[in-house]
Amino acid sequence: MTTAALTLDNLSKQFGTVAAVDAVSIEVQSGELIVLLGPSGCGKTTTLRMIAGFVPPSAGDIQLAGSSITALPPHRREMGIVFQSYALFPHLSVARNVAFGLEMRRVQRAAMHARVAEMLRLTKLEAFASRLPRELSGGQQQRVALARALAIHPRLLLLDEPLSNLDAALRQEMAREIRLLQQSGEITTIMVTHDQTEAMALADRLVVMHEGRVQQIGTPEQVHSSPANPFVAGFIGGSNIVAGRLSDDRLELADGTAVFALARRYADKGAATLAVLPDSVSLVPPGRGLVDGEVELCTWLGAVVEHAVRVAPNLTLLTRGPGLGPDATPRHTAGTRVALRWEAEDERLFDSEGRAVQAVSRETSHA
Amino acid sequence: MARADAVVQAAERLVVLALITCGALLIIVPLLLTLYLSLFDEKLILFPPRGYTLSWYSAIVPNFGGSLVTSLKLGAFSVIGSLALGIPAGIGLSRHRFRGRGAISMLLLAPLTVPGIALGLAIYVALVALDEQLGSMVTGSMIGLVLAHIMITTPWVVRLCLASLANHDRAAEEAAASLGAGPLTVIWRVTLPAMRAGIVAAALFAFVISFENLELALFLTSPGMTTLPVAVLQYLEYHIDPLVSAIAVAQIVAIAAVLLVLDRFVRLGQVIR
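Residues numbered from 1 in each chain as written. Chains lettered and ligands numbered in written order. Predicted model: local features only at pLDDT ≥ 70, side-chain atom pairs only at ≥ 80, totals over all residues. Heavy atoms only, no water.

K.L.:
What am I meant to see in the pairing of strand β12 (residues 250-253) of chain A here?
P.N.:
On any regular strand, side chains alternate: one points to one face of the sheet, the next to the other face. Residues and elements named next belong to chain A. Residues Leu251 and Leu253 line the buried face of β12, whereas the alternating positions Arg250 and Glu252 sit on a face that is not buried. Pairing geometry for strand β11 (residues 240-247) and β12, over four bridges, is antiparallel. Following the sheet pairing, Leu246 is matched in β12 by Leu251. Joining the antiparallel neighbours β11 and β12 is a turn of two residues, in which Asp248 adopts a positive phi near 60 degrees. (Buried < 20%, exposed > 50% of the residue type's maximum accessible area, 1.4 Å probe, protein only. Helix = DSSP H or I, 4+ residues; strand = E, 2+ residues; numbered from the N terminus. Pairing = 2+ DSSP bridges.)

K.L.:
Looking at this structure, I do not really get the pattern of salt bridges. What am I missing?
P.N.:
It is possible for side chains bearing opposite charge to pair when their charged atoms get close. For the coordinates displayed, the defined rule picks out 20 salt bridges over all chains. Between Glu177(A) and Lys124(A) there is a salt bridge whose closest N-O contact spans 3.6 Å. Highlighted residues: Glu177(A) in helix α5 (residues 168-184) and Lys124(A) in the loop between α3 (109-122) and α4 (138-151), separated in sequence by 53 residues. Given the relative accessible area of 12%, Glu177(A) is considered buried. The partner of Asp204(A) in a salt bridge is Arg179(A), and the shortest N-O contact between them spans 2.7 Å. Of this pair, Asp204(A) sits in the loop between α6 (196-202) and β9 (205-210) while Arg179(A) sits in helix α5, and the two are 25 residues apart along the sequence. One salt-bridge network, held together by shared partners, links Arg96(A), Glu103(A) and Arg189(B). (Salt bridge = Lys/Arg side-chain N within 4 Å of Asp/Glu carboxyl O.)

K.L.:
I keep staring at the packing of helix α3 (residues 60-95) of chain B against helix α9 (residues 196-212) of chain B and nothing clicks. Help me out?
P.N.:
What describes two packed helices is the angle between their axes and the distance between those same axes. Residues and elements named next belong to chain B. Where α3 contacts α9, the axes come no closer than 8 Å and their chain directions differ by 140 degrees. With respect to α9, the element α3 is oriented oblique. Where α3 crosses over α9, the two elements pack in a sense that is right-handed. The residues of α9 that touch α3, namely those facing Leu68, Ser71, Leu72, Leu74, Gly75, Ala76, Ser78, Val79, Ser82, Leu83 and Ile87, are Ile199, Ala202, Ala203, Ala206, Phe207, Ser210 and Phe211. Among the residues forming the contact of α3 with α9, the class breakdown is 13 nonpolar, five polar and no charged. (Axes fitted to C-alpha atoms, helices over the stretch in contact; angles between N-to-C directions. Parallel < 35°, antiparallel > 145°, perpendicular 65-115°, else oblique. Left-handed = near helix turned anticlockwise from the far one by under 90°. Contact = heavy atoms within 4.5 Å. Nonpolar A, V, L, I, M, F, W, Y, C, P; charged D, E, K, R; others polar.)

K.L.:
What is the right way to look at the packing of aromatic side chains in this model?
P.N.:
Each aromatic ring pair is characterised by the separation of its centres together with the angle its planes make. All names here are of chain B. One pass over the structure, following the stated rule, counts eleven aromatic pairs over all chains. Between Phe64 and Tyr235, the ring centres sit 5.4 Å apart and the planes meet at 65 degrees, which makes this aromatic pair edge-to-face. Taken together, the positions of Phe64 in helix α3 and Tyr235 in helix α11 (residues 228-238) put the pair 171 residues apart, joining distant regions of the chain. Like Tyr235, Phe64 is buried. Seen from their ring centres, Tyr124 and Phe219 are 6.4 Å apart, and the 35 degrees between their planes marks the pair as tilted. (Phe/Tyr/Trp six-rings, centres within 6.5 Å; stacked < 30°, edge-to-face > 60°.)

K.L.:
Teacher, can you tell me more about the pairing of strand β2 (residues 18-28) of chain A here?
P.N.:
Residues and elements named next belong to chain A. With seven bridges joining them, strand β1 (residues 6-15) and β2 adopt antiparallel strand pairing. Within β2, the position partnered with Leu6 by the bridge is Val28. Between the end of β1 and the start of β2, which pair antiparallel, lie two residues, with Gly16 showing a positive phi angle near 60 degrees.

Right, dumping it as structure tokens:
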């Protein structure tokens, strides 16, 4: 087995009594783009800052191609970093910004000019070489930051919420550019974001984090279709989350206001959480599904149509279906009585510890 | 309703205008009077004058040349000294939250709160005691004067440096470090350029404060080494003639020129808030 490009081994960071990062272990393969994804305060940025060397870990080890860099100061780690604020040098021209890392490495003048010109060409900034950062748009500043980070042939590229300061249209364009640059250069990359769409679009593998811990590591498809626990299910794809008491093929809400028939039969009993993606839930006539409810709101978004369905006084579930074309979901007005159903393979159940509960039979009579 | 609002607004504008005019007059009238007096062709200040002359201006250098050089040298040394002390202090105080930070920042700003006369007397007594103990000759020397001036100029330097770093994005320093810059290179290539406006303003402030200072110099100068304000005061004890006005005008013009030139490089309004 080849050595991973980057290994985080039980990396932890304690701020006072709070564990900002709690025993995070990740292996990143060479050329891979890994996205650390989670809500704010989940420890993803602290993890990135430990990799960069700005925050000393409380415990654990960071290895680059098999050798520990935990004790190295930031300026000896040879990493290219793109900051959320871009952090360009305001007093230096675009070309001087890009050249900065090369100057620090005492690269020969001619070689430096050639490398800067190449980076400006790759990031389509040739026309702006002599401008100051404040004379550029947000997207252009972003590209300068990227060019500056990549000019030094970094051993690792770190991206800290690189797209969050851009407007929606530019964000998608920049995401594609970053992905193209990263893939053509086979640059091992760690990116941090709280935006799951962004993460899905860019990542080879996702690392979902919550409260300082890794919740799940996997390809976007794996994480989306088989979430490891209710948190991941809720955070990725916005699954409907229903907490209740499980017995055989029924789930009763904790407050007793509704009983769900399940698509599968389970051996476990007791507290459990159901997670179903809105895209997997379909609307059927009352009494013909797994749980009855009343349409509260119908939202047509063009490509998709969403129904919010109240199934209990304190519980509303979301369904999502195609909004256009021959298979378009019929739209229901508020107040319509409906039932919700989903296929057995789309149903996820987790026990009170957050572990997936295995079904004993493939399907029940409900499905 | 709208009409009443308009009247109130007009009245407000009138009051503001009147206040501004008063303020401007308060500043400008003494300056104009000084300028007027400096042109009197009289040995004593008599009104109205017999005539007008520029000869007082040509008498400045013969009478005050030596003390002017002393003041300029003192100002330059004070600027260098207080920048050397205040810039690192400003960077350190803005960057780190360490134990004793509050105490150090108070110590650095404390001289601002002590009346200059009290400070001058205290420093004089301390220097005399020091000289007696060590047999040194600091009292009445340039070194003693420079050290005392550094004490009162440094607080301004620290304050201006802190202000110039208040909006500084630390990420730029981290970016420089990630690109291979060691801690000192980061300060030289990123932090100091970001503080440029503040440092220029601090140097200017330090110079002006040192150049105009009378209270400390009163105790710490000695024959043969007198600063301009002290020399002017001594001159006033025996003569009341337009020469003093001429000096004042020359000083005002010189400082105003420096300010105007500096304002072209640094937006002073942004630094001093």
